[in-house]
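Survey of secondary and tertiary structure
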Amino acid sequence: MRDEMITDVDRQIQEALAVDPSPDFQARVRIRLSEEPQRHRPGMGWLVSGVIGLAAVAALAMFVSSRDDVGPRAGDFVAPPTQSAAALEPVPPPATEQPVARPLRRPTRVNAAETVLVPAAEREAFRRFLRAVTENGLPYAVPLDARDDAPLSVPGITIDPIVIAPIDSTAE
Amino acid sequence: MGSAGMRLQAGRLEAAIAVDADLEREFETLLVESSRLAFRVAFAVLRHRQDAEDVAQEAFIKAHRHFHRLRDRSRFRPWLVRVTWRLALDRQRTDRRRMVREHSESDSRGAAGNEQDAAVERDRAARVWTAIDALPEKLRLVVVLVNIEGHDVAGAAELLRLPAGTVKSRLFLARQKLKESLSCATK
């Protein structure tokens, strides 16, 4: 009796589940799948990361090379304090032996700054001039009582008379 | 170095796209083979055609999203059954339409003969389904799978990825409980 009941139950379930989906079920699933956003492919994360990394390295390399071509900029260094003012003071200028440029941002560019801002020949000439002025004084003298607005005194000019000999008309 | 790297990346991209196309073809095959199974699993829970189709469709969408991670394709049907079953239970808990049950074809055939017999048949089917719904979930799934498409214990064990002995014992327990429930109901 009970086995018959179980058999009956199984039959009931089998009959109840003997239902098929509607004919367009698979088509509707396909439509839904096509509306899904693009699936993330396996390994694509590494691919995208690799491409981005290569692009970043290339951009960085281009940036660095372009900066090297430009050379030092005026803003990177401070020109030395005018040594003429320092040298004109009575104290001998030991500062002439000091580094000419002080780097603000990039210490490696000190020599380049000296070359660019003050050529060596000009610097040496200026140094000689300062040394000469310090040791020998100025090459010209300025009167202590001279005034800029005083009238110039010009001594009188004497012109000797020119003697013209008479022309001899009888010579022809 | 850079161009070689780019060529390597492009080659990998092409390979990934080719693999993707293969996966789509494989999924299409599995969709054709398994759509009835997914629908019936959902229908066993909901017993409403439209709801069951919605749930089965949702299960396929979910399966498609994660299909590339499934290395062992023989696990697709068990995986689909589990997903569908879980979604159907969720729908059953939340959807009020489950109250409107679709009668089986046997009910319709019975109704064609005699109205009184059909009413008796509907009543008996309702009692059977009430008893099945009262089963613990593990036993309930075994009963349903064994009776879908004439699956035997081995087929259900394959779908559940359980030993056949486990399925057999669960089926035995489920039938015992069904007997008790239906005996009480008929008294």
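Everything numeric here is computed off the predicted structure, so don't read it as measured data.

**Quick notes on the overall build of chain B**
Across its full length, chain B carries eight helices and zero strands. Along chain B, helices (α) and strands (β) appear in the sequence α-α-α-α-α-α-α-α when read from the amino end. Residues classed as buried in chain B amount to 32% of the 187 residues present. Sequence-distant contacts, at least 24 apart, represent 60% of the contacts inside chain B between residues at least 6 apart.

**Let's talk about helix H2 (residues 49-65) of chain B**
In a regular helix each residue adds 1.5 Å, so 17 residues correspond to 24 Å; H2(B) covers 24 Å between its end C-alpha atoms and thus fits that length. What H2(B) keeps buried is the set B:Asp51, B:Ala52, B:Glu53, B:Val55, B:Ala56, B:Gln57, B:Glu58, B:Ala59, B:Phe60 and B:Ala63.

**Some words on the nonpolar core**
Core analysis: the biggest nonpolar cluster contains 46 residues, and B:Val41, B:Ala42, B:Ala59, B:Val142, B:Val143 and B:Leu145 have the highest contact counts within it. Counting residues per element, this core draws most heavily on helix H1 (residues 2-46) of chain B, which supplies eight residues. Looking at which domains feed residues into this core, each of domain 1 (1-102) and domain 2 (134-187) of chain B supplies at least three. With residues up to four places along the chain from it excluded, the contact list for B:Val143 reads A:Ile13, B:Ile132, B:Leu135, B:Leu171 and B:Ala174.

**Overview of the confidence of the model for chain A**
Counting all residues, the mean pLDDT for chain A is 71, and 55% of those residues have values of 70 or more. Considering only residues more than four positions removed or in separate chains, one finds that residues 74-78 of chain A, a stretch of pLDDT under 50, has 14 contacts.

**A short note on helix H6 (residues 120-136) of chain A**
For H6(A), spanning 17 residues, the distance from its first C-alpha to its last is 24 Å, which sits close to the expected 24 Å at 1.5 Å a residue. H6(A) sits mainly on the outside: zero of its 17 residues count as buried.

**Overview of the packing of helix H6 (residues 137-147) of chain B against helix H7 (residues 153-160) of chain B**
Residues and elements named next belong to chain B. Relative to each other, H6 and H7 sit at 125 degrees, their axes nearing to 9 Å. It follows from the interaxial angle that H6 and H7 lie oblique. Both H6 and H7 take part in a crossing whose hand is right-handed. Counting all contacts with H6, which are made through Val 142, Leu 145 and Val 146, the residues of H7 involved are Val 153, Ala 156, Leu 159 and Leu 160.

Cut-offs applied
- Residues numbered from 1 in each chain as written.
- Chains lettered and ligands numbered in written order.
- Predicted model: local features only at pLDDT ≥ 70, side-chain atom pairs only at ≥ 80, totals over all residues.
- Helix = DSSP H or I, 4+ residues; strand = E, 2+ residues; numbered from the N terminus.
- Buried ≥ 20, exposed ≤ 12 C-beta atoms within 10 Å, placed from the backbone.
- Contact = placed C-beta atoms within 7 Å.
- Expected span 1.5 Å × (residues − 1).
- Core = buried A, V, L, I, M, F, W, Y, C linked by C-beta atoms within 7 Å.
- Domains from an automatic or database assignment.
- pLDDT = per-residue confidence, 0-100.
- Axes fitted to C-alpha atoms, helices over the stretch in contact; angles between N-to-C directions.
- Parallel < 35°, antiparallel > 145°, perpendicular 65-115°, else oblique.
- Left-handed = near helix turned anticlockwise from the far one by under 90°.

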